[in-house]
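Architecture and fold: a report
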Amino acid sequence: MARLTTFSRLLIVALILGGVYFGVTTFLPQFTGKNSDTPAGSVETNSESSENNAKVQNSDKSTWSRQPFTFTAPAPINGKLKGVVELGATGFNSFIIRVDSRKNWKLERAEFGASLVYENIATDEDIKAGLKTYIADMIAYGVGPKDIHFVVSSGAKKVDVTQKIIGVLRSMKYYVNTVTAEQEAQLALKAAMPRDFYNKSFVVDIGSGNTKVSWMSNGSPRGVETYGAKYYQNNLDDKTVYSEVKKKALAVPSGARDVCFIIGGVPFTLAKQIREGDERYTVLKAPSDYDGDGAKQVAGLNIYQAIADATGCKHFVFDWDANFTIGFLLDL
């Protein structure tokens, strides 16, 4: 065989190298950074999934720690008993507190009713019977008849059947107090935020019908309203609600984001999972550390996550005793 020239040798080497390159790019695409399952000209991304699950993706577990909350609320001195019956989005609730002249208060009793009214299956007689029971129990406990009040929450006021209930109450010669969402936010603040935390904390009340965010500004309470934990019943998606809640929560002043006192139905279920003994204050875990149980809790966690992401707060304290109706009593 004739001896190969230098040019021939170079040509053979080039052909061999070309064949190796073709084989690698064809059968081992990961070596070139390409994915054989990704269409040509496209970039694989998970941005849509991240947006739809913003409540999980935006949390930072590595910097979220449950710092203890050791504050003890001052007890009332020579306090007087006062009671309130609330018509909320989940039915009748009643609360009795003892409050003194300095607005120091202590929850003496709380009773939570069924959701028959909200579900629009209660009759007028059911409503009257339930209210009479609450009233009789309060009087027997020691609350004077003139110190029993009735409040309709802003969320319940949006339900058609509420007007029917208000009519029943008035036929029983009782005055019914209705509050706006902004007023409800301010009342929640008065009950849930201790004076020692004015101007360095804010309050969140996640209800079924709406969520209220409030804070102190120049000595006065301020508040905003956004979606409640049953927004899914209105065919609203998580992404839309997350964005809107986050936008509203950005109104909380930067200096008031150290601690958030949080109340409401969903926070109650979250605190219940980790409460120690009969403590009044339970520090919640990060929203992404909870597994949503049911549509309402999943929706509530989405709202919770949006507020956490907007404010950067990592210290959410659930108050087992506070609610906006107690703020109403304190505001009398």
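Note that residues are indexed from 1 along each chain, following the sequence as it is written. Per-residue local features are limited, in this predicted model, to residues with pLDDT of at least 70; the limit for side-chain atom pairs, both in listing and counting, is 80 or more; totals at the level of whole chains, interfaces and linings are taken over all residues. Hydrogen atoms and water are omitted, and side-chain values are computed over all heavy atoms in the structure.

**Some points on the packing of helix H9 (residues 265–272) against helix H10 (residues 295–311)**
Fitted lines through C-alpha atoms give the axes, limited to the stretch in contact for helices. The angle between two N-to-C directions lies from 0 to 180 degrees. Numbering of helices and strands runs from the N terminus; a helix is a DSSP stretch of H or I covering at least four residues, while a strand is a stretch of E covering at least two. Two elements in contact, H9 and H10, have axes whose closest approach is 9 Å; the angle formed by their N-to-C orientations is 95 degrees. Considered as vectors, H9 and H10 are oriented roughly perpendicular to each other. Contacts from Val266, Thr269 and Leu270 in H9 reach Lys296, Gln297, Gly300, Leu301 and Tyr304 in H10. Tallied by class, the residues present in the contact of H9 with H10 amount to four nonpolar, three polar and one charged. Note on angle classes: values under 35 degrees are labelled roughly parallel, values over 145 roughly antiparallel, values of 65 to 115 roughly perpendicular, and the remainder oblique. Any two residues having at least one pair of non-hydrogen atoms within 4.5 Å are treated as being in contact. In this classification, Asp, Glu, Lys and Arg are treated as charged, Ala, Val, Leu, Ile, Met, Phe, Trp, Tyr, Cys and Pro as nonpolar, and every other residue, Gly included, as polar.

**Thoughts on the confidence of the model for the protein chain**
Averaged over all residues, the pLDDT of the protein chain equals 82, while 77% of them reach at least 70. Summary of the metric used: pLDDT quantifies the predictor's per-residue confidence within the range 0 to 100. Throughout residues 27–60 the model reports pLDDT below 50, and contacts reaching past four residues in sequence, or to other chains, amount to 31 contacts.

**Some points on the sheet that holds strand E6 (residues 201–206)**
Any two strands with at least two DSSP-identified bridges between them are counted as paired. If you walk across this open sheet you meet the six strands as E8-E7-E6-E9-E11-E10, and the pairing is mixed. Of all strands in the sheet, those with a lone pairing partner are strand E8 (220–227) and strand E10 (281–283), marking the two edges. Looking at each pair of strands side by side, their axes are set apart by 25 degrees on average, direction ignored. Relative to strand E7 (residues 210–217), E6 is paired through five bridges, and the arrangement is antiparallel. From the neighbouring strand, Asp205 faces E7, where its bridge partner is Lys212. The strands that helix H7 (residues 181–192) touches are E6, E7, E8, strand E9 (259–264) and strand E11 (316–319); relative to E7, the one it contacts most, it runs at about 60 degrees.

**Here's the deal with the layout of surface pockets**
A 1.4 Å probe that fits but cannot get out identifies a cavity on a 1 Å grid over protein atoms alone, an open set with protein on both sides within 12 Å along at least five of seven lines counts as a pocket, and a residue lines either if it has an atom within 4 Å of a point. Grid points are joined across faces, edges and corners, and a volume is the space filled by probe spheres set on the points. Counted as a void, the second largest pocket has a volume near 350 Å³. Forming the walls of the second largest pocket are 18 residues, and the residues nearest its centre are Lys103, Trp105, Lys190, Met193 and Arg195. If one sorts the elements of the lining of the second largest pocket by residue count, H7 sits on top with three residues. For the lining of the second largest pocket, the residue count by class is 11 nonpolar, one polar and six charged.

**Notes on the packing of aromatic side chains**
Side-chain rings of Phe, Tyr and Trp, where Trp is taken by its six-membered ring, are said to pair if the distance between their centres is within 6.5 Å; with planes under 30 degrees apart they count as stacked, over 60 as edge-to-face, and otherwise as tilted. Summed over the entire model, instances satisfying the criterion amount to 13 aromatic pairs. Where Phe197 meets Phe261, the ring centres are 5.3 Å apart and the plane angle is 80 degrees; that geometry is what we call edge-to-face. Residue Phe197 is located in the loop between H7 and E6, and its partner Phe261 is located in strand E9; the two are separated by 64 residues in the primary sequence. Here Phe197 and Phe261 have matching classes, each one buried. Seen in terms of ring centroids, Phe202 and Phe316 are 6.4 Å apart; in terms of plane orientation they differ by 85 degrees. Their pairing is edge-to-face. Of the two residues, Phe202 sits in strand E6 while Phe316 sits in strand E11, which places them 114 residues apart along the sequence. Members of the aromatic cluster, joined through ring pairs, are Phe69, Phe71, Phe197, Phe261 and Tyr281. Its end group placed over the ring of Phe197, Lys200 keeps NZ or CZ at 5.2 Å from the ring centre. To sit over a ring, a charge needs its Lys NZ or Arg CZ within 6 Å of the ring centre and within 35 degrees of the ring normal. The positively charged end of Lys285 is found above the aromatic ring belonging to Tyr290, 4.8 Å away from the centroid. A simple rule labels every residue: compare its accessible area, found with a 1.4 Å probe on the protein chains alone, to the largest value its type can have, and call it buried under 20%, exposed over 50%, or partly exposed in between.

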